[in-house]
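Working through the structure, step by step
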Amino acid sequence: MRTSKLAALLFSAWGALSINAVHAASHREAPLIAQDPAADITDTYAFVSPNNPDRIVFILNVIPSQEPSSGPNYFFFDDNVEYAINIDLNRDGVAEDLNFVVRFKTELRNVLAGIGLASPVANVGRPDLPAPLQGITALNGEGSEGLGIRQFYTVTMLKKNRHGHVARDRLEPADGQGPLVAVPSNQGPFTMPDYEGLAAKGIRTLENGIRVFAGQRDETFYIDLGAVFDGPINLRVSPVLSDGQDADDSNNVSPAVDAFSGFNVNTIAIEVPKALVTPTQGTQIGMYASTARPRVTVLRGDKRAKHDDEEVKFDDGSIEAGRFVQVARMANPLVNELIIRFGDKDRWNATEPEQEAQFIDDYRNPSLATVINLLFGVPIPATPRNDLVSALLQYSGPNGGRTSELLRLDLSVAPRLAGDNCTPTTQCRLTVLAHDSAGNPTPDFAGWPNGRRPNDDVTDIALRVVSGVLLGTGNARLGDGVNLNIGAPGTSVTANGIAQNFPFLPTPHDGRNRRHIDPGE
Amino acid sequence: VVRFKAGLALALLACLLAPAAWAQQALEQRVERLQAKHQAAPDDLKTIHELTEALLLRVRRSADPRDANRAEALIEHGLKLAPKEARLWSLKSWSQMTAHQFQNALASARKARSLGASGAPSLGLEADALVELGRYREAVDATQQMLDRVPGLPSYSRAAHLRFLHGDLEGAIKLMSQAVQAGRPRSAETAWALVQLSELYLQGGQSDLAEQSAQAALATTPGLAQNIAQLARVREAQGRFEEALELYRKAAQIQPSPEFVFSLWKLTQRLGKTVEGKRQAELLDGLARLDEKNGLYRRVLAAYYSERQQGTIEAERLARLELKARPDIYSHDALAWALYRAGKLVAARQHVEHALALGTPDFALKYHAGIILRAAGERERGEKLLSKARARAPHFEPQGLGQSDGPRQEALTRQ
């Protein structure tokens, strides 16, 4: 009996024996691949404010696919990440003329210490708890006592003059509302009884009239993600939409699924006076967003190392790590996902946009075009696809400049207001490719690829552009059937999910009442 | 203040991490879907890549040799179709690392890079192989390249380990904490980094912080034997031996690897549980026979036989084989200890110097080295190492080998 038990144990051990071991003294099997959500840029936007043409809005979103109800697992910016908006003002393709750098510092507080308890969750608020824990209504001072994790942040502007010198200016709040604090995840109506009011307190005015917001928002990007990347491209609807379906910005085509319905993201939005971003040539600027982590030297004090990760003290008293390494960058949507080939994605993220020439073959010979041709029988243009190079990597006009993967925005194009549907004065999801239900063109030049607004349907536009519509071939009705950000919560949001006011992304779904809306609901 | 903040941060982190069972389920579904795809199109390279990667990821958790074998077969099939496919060479290196073929893994990783693999995995594999081969300077360089290209959990955790090996425990903790922070909450990768962080805290004598990290890892991946075993180590450090014993039993039941069974056996010796100890010893003897061909656990088995009255010849044999295949500081330590236990003090003394070469603050290394040096007549140096080890890990002192080692030590001293 004892022998057979031992034999059974040995048999079960056979599996373990054939593989690896565990801790420090043994083979460690450290992960080779891991996601870095706090530095993972999901979307970047740049547009002239629809409410004030004298102001330009830049948005950087990180931490993808946040399930609102995943408490106590909420979502925070990372103190070790440098978040940046980088702008090219002189058409040289190098976005170093004006940079806004945002850094966070997290404060941890035991919010129940006053009643002699250790808090099991980060943020606390219930109407039946003793004051001041009856709900979080402020980010600073009275009403903020329930915030157990509070993320302070700074915004630094780096501006290069014509001699190449960079002035570094930490932008202080000019509204007398205390230090800058990120708006926390929307846990629910007990914890945050007036989330919209709380989030409004996160919209701050800085020196130079700049406005800033950092915090959670509704994920505005809409796409039938599961269908687009199954295969790839196994759409639930006919990939060629009818004129009527395609012109309708306020209804999705059943049974297409908005995969991001009910999910949130973390947003950094900066609204700057137009005068601050006036281009030195022409009317266009270029921009991209980036995240970076401090450069780390493996062995501290290693004399062989070219650089050290020791902290550097700046003239203004702030202390930062000496150098940063770019983790991710994003300008035009879907470039990394659909154009850059698989093995190059890490390298692409680490390089600067002006070094894009090394990836130019991926633009000239996009595999996505071949897929579209094979799957849908759509005729595609012959390679090399210089139309894609021009559209994504160069400024418009006779002198497009060096190839640089930037999101380019023409400040002379008048913005359009948010509206429930596409009209001559309101935003159209298909931007320059918009049309009415009879198929007549109704272009809206204020959206992607002229900058990008939160509700531009970049999936449908990208499919069409890659299929060759800029060259008069391809198919101008290709689409995934998801035409709007469905179920966007909050007030000041149009029926088709466009937030009407800064930061131009809707209130995030709250943890208690979140819904992911499927077709027919 | 720093300690309080770290404690509070970890306590909150423990609250924030929830079970990652869904992630495992997603991996199972992915493997299933890719297998069907591979059956439909066996020569599709993309599917071969993805399926191999998914299988190797599953091996990390399941330790199922069938997955490892299938991954290996897929790689060979893929390389026949596309011998210059960089990603396949990276996967081959990964598979070879899993099989402890470190020299081959290094060659495959370098081949992948020469063929254009530019991502973190090929650099990580190269760095890992170099660490196992004891080529630390090159490992630092490869890890630096990885950090400069893709900072994040995979590169931070490797750099943290190298800092620890080179004596910088504080810097290692700092970087491993960053690795945890950079990882996706609820992911197996973050849980792994938390176990490493727990071990680093343990090495620093901070058992409360070690416990919080181990608990956070357990909250993320509750059924994982490694996480349970790490909490057992913490309980040992806290002197809560019965709880540690129970946790080791649980870990060994889930995954009866020699590492866990050896820890369990050692604890039965300490607690005088002779019946259970005998059973675990029989199991370890059987495991040793099973491992003879692959040699994946020679190091821990050498440690086991070093502690057995009649096992010193076998311990030395295994340790010498291990040193040949894996010439790192820990293999030198294992051989030094086996030689010492066999009464070969002069030879043991030589390997101690190799084990201490980097100044690694590992308390097991320090205990072994301190005892050997003391026995070899370097009393002051030996005592210094022993007092450092005792200050941080009094409960891990080898049993019966303290101030008085009994007849064996007297014999050694006479030698």
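Next up on the list: the overall build of chain A. Each helix and strand counted, chain A has 10 helices and 14 strands in total. In terms of C-alpha radius of gyration, chain A reaches 25 Å, essentially the compact-globule figure of 24 Å for 521 residues. Expressed as lengths along the three principal axes of its C-alpha atoms, the size of chain A is roughly 75 × 70 × 60 Å. Residue burial in chain A is summarised as follows: out of 521 residues, 57% are buried. Considering only contacts in chain A between residues 6 or more positions apart, those separated by 24 or more positions represent 70%. In the form shown here, chain A has an accessible surface area of approximately 20,200 Å², with 53% of it arising from carbon and sulfur atoms. Averaged over its 46 positive side-chain charges, chain A has a centre that lies 5 Å from the centre of its 62 negative ones.

In this fold, Asn61 of chain A is placed in strand S2 (residues 55–66). Ignoring sequence-local partners within four residues, the contact set of Asn61 of chain A consists of Asp40, Ile41, Thr42, Asp43, Tyr45, Val265, Asn266, Thr267 and Leu505 of chain A.

Sheet architecture is open: five strands sit in the order S1-S2-S9-S8-S7 (chain A), paired in antiparallel fashion. On the outer flanks of this sheet lie strand S1 (41–48) and strand S7 (204–205) of chain A, each paired with one strand and no other.

A separate point is helix H22 (residues 379–392) of chain B. All names here are of chain B. Compared with the 20 Å implied by 1.5 Å per residue over 14 residues, the 20 Å span of H22 between its first and last C-alpha is a close match. Looking at H22, one finds that the buried residues are Gly382, Leu385, Leu386 and Ala389. Projected down its long axis, H22 carries its buried residues within an arc of 95°, all on one side. Of the residues in H22, the exposed ones pointing more than 90 degrees away from the buried face are Glu380, Lys384 and Ala391. Elements in contact with the buried residues of H22: helix H21 (363–375).

On to the pattern of salt bridges. Oppositely charged side chains are able to pair whenever their charged atoms sit close together. Counting across every chain of the model gives 64 salt bridges over all chains. Here the salt bridges do not stand alone but share partners, grouping Asp246, Asp249, Arg429, Asp457, Asp460 and Arg464 of chain A into one network.

With that settled, the discussion passes to the interface of chain B and chain A. Of the residues lining the interface, 84 residues belong to chain B; the matching set on chain A comes to 64 residues. On inspection of chain B and its partner chain A, the count reaches two salt bridges. One salt bridge connects Asp148 of chain B with Arg295 of chain A, and the closest N-O pair in it is separated by 2.8 Å. Counting across the interface, chain B meets chain A through 11 residue pairs in polar contact (both at pLDDT 80 or more). Per-element accounting of the side of chain B that touches chain A gives the leading share, nine residues, to helix H9 (residues 153–165) of chain B. Among the residues making up the side of chain B that touches chain A, the classes are represented as 38 nonpolar, 21 polar and 25 charged.

We now examine helix H17 (residues 298–307) of chain B. Residue and element names in this part refer to chain B. In terms of burial, H17 is a largely internal element, eight of the 10 residues being buried. Every buried residue belonging to H17 is among Arg298, Arg299, Val300, Leu301, Ala302, Tyr304, Tyr305 and Ser306, and all of these are buried. Buried-residue contacts for H17 involve helix H15 (258–271), helix H16 (274–291), helix H18 (312–325) and helix H19 (329–341).

So, about unusual backbone geometry. Residues and elements named next belong to chain A. Here the residue pair Ser254 and Pro255 is connected by a cis peptide bond, since its omega of 5° sits within 30 degrees of zero. Relative to the assigned elements, Pro255 resides in the loop between helix H4 (243–247) and strand S9 (264–273). Thr383 connects to Pro384 through a cis peptide bond whose omega is 0°. Considering the arrangement of structural elements, one finds Pro384 in the loop between helix H8 (367–376) and helix H9 (386–393). A positive phi angle, close to 60°, is found at Ile63, a residue other than glycine. In this fold, Ile63 is placed in strand S2. Since its relative accessible area comes to 6%, Ile63 is described here as buried.

All names here are of chain A. All told, the structure shown has one disulfide over all chains when counted by the stated rule. With a sulfur-sulfur separation of 2.0 Å, Cys422 is cross-linked through a disulfide to Cys428. Disulfide Cys422 to Cys428: torsion about the S-S bond roughly 70°, handedness right-handed. No difference in accessibility class separates Cys422 from Cys428, as the two residues are buried.

Here we come to the packing of H15 of chain B against H16 of chain B. The packing of two helices is summarised by the inter-axis angle and the distance between the axes. Residues and elements named next belong to chain B. For the pair H15 and H16, interaxial distance at closest approach is 9 Å and the crossing angle is 150°. As far as their axial angle goes, H16 and H15 are roughly antiparallel. For the pair H15 and H16, the sense of crossing is left-handed. Contact residues: H15 offers Pro258, Val261, Phe262, Leu264, Trp265, Thr268 and Gln269, while H16 offers Glu276, Gly277, Gln280, Ala281, Leu283, Leu284 and Leu287. Among the residues forming the contact of H15 with H16, the class breakdown is nine nonpolar, four polar and one charged.

Moving on, we come to the environment of Ala122 of chain A. Here Ala122 of chain A lies in the loop between strand S4 (98–108) and strand S5 (149–160). Assessed through its relative accessible area of 5%, Ala122 of chain A is described here as buried.

As a further point, take the confidence of the model for chain A. Overall, the predicted model of chain A reaches an average pLDDT of 88, with 91% of residues at or above 70. Ignoring residues within four places in sequence, the model shows residues 14–26 of chain A, a span with pLDDT below 50, making 52 contacts including any to other chains.

All names here are of chain A. With seven of its seven residues buried, strand S3 (residues 82–88) lies for the most part within the structure. Along S3, one buried face is formed by Glu82, Ala84, Asn86 and Asp88 and the opposite face, lined by Tyr83, Ile85 and Ile87, is buried too. Bridge count between S3 and strand S10 (residues 284–294): seven bridges; the pairing is antiparallel. By the bridge assignment for S10, Asp88 is matched with Gly286. Note that S3 and S4 share five bridges and pair antiparallel. Within S4, the position partnered with Asn86 by the bridge is Asn99.

Taken as a whole and assessed by the stated rule, the structure comprises 13 aromatic pairs over all chains. A ring pair is formed by Phe77 of chain A and Tyr83 of chain A, whose centres lie 5.6 Å apart and whose planes are at 85°; its orientation type is edge-to-face. Look at Phe77 of chain A and you get buried, because its relative accessible area is 4%. Since its relative accessible area comes to 0%, Tyr83 of chain A is described here as buried. Geometrically, the ring pair formed by Phe262 of chain B and Trp265 of chain B is stacked, given 6.1 Å between the ring centres and 20° between the ring planes. A residue pair is termed a helical-turn pair when its members lie 3 or 4 positions apart in one helix, as Phe262 of chain B and Trp265 of chain B do in helix H15 at three residues. A residue is classified by how much of its surface remains accessible, and Trp265 of chain B, at 7% relative accessible area, is buried. Positioned above the aromatic ring of Tyr395 of chain A, the side-chain terminus of Arg408 of chain A is 4.4 Å from the ring centre.

The rules behind each value
Residues numbered from 1 in each chain as written. Chains lettered and ligands numbered in written order. Predicted model: local features only at pLDDT ≥ 70, side-chain atom pairs only at ≥ 80, totals over all residues. Heavy atoms only, no water. Helix = DSSP H or I, 4+ residues; strand = E, 2+ residues; numbered from the N terminus. Rg over C-alpha atoms; globule rule 2.2 N^0.38 Å. Buried < 20%, exposed > 50% of the residue type's maximum accessible area, 1.4 Å probe, protein only. Contact = heavy atoms within 4.5 Å. Areas by Shrake-Rupley, 256 points an atom, 1.4 Å probe, with all protein chains shown as cover. Lys, Arg positive; Asp, Glu negative; His and termini not counted. Charge placed at Lys NZ, Arg CZ, Asp CG, Glu CD. Pairing = 2+ DSSP bridges. Expected span 1.5 Å × (residues − 1). Arc of directions from axis to C-beta. Salt bridge = Lys/Arg side-chain N within 4 Å of Asp/Glu carboxyl O. Polar contact = N/O pair within 3.5 Å; in protein donor to acceptor, adjacent residues only side chain to side chain. Nonpolar A, V, L, I, M, F, W, Y, C, P; charged D, E, K, R; others polar. Disulfide = S-S within 2.5 Å. Axes fitted to C-alpha atoms, helices over the stretch in contact; angles between N-to-C directions. Parallel < 35°, antiparallel > 145°, perpendicular 65-115°, else oblique. Left-handed = near helix turned anticlockwise from the far one by under 90°. pLDDT = per-residue confidence, 0-100. Phe/Tyr/Trp six-rings, centres within 6.5 Å; stacked < 30°, edge-to-face > 60°. Lys NZ or Arg CZ within 6 Å of the ring centre and 35° of its normal.

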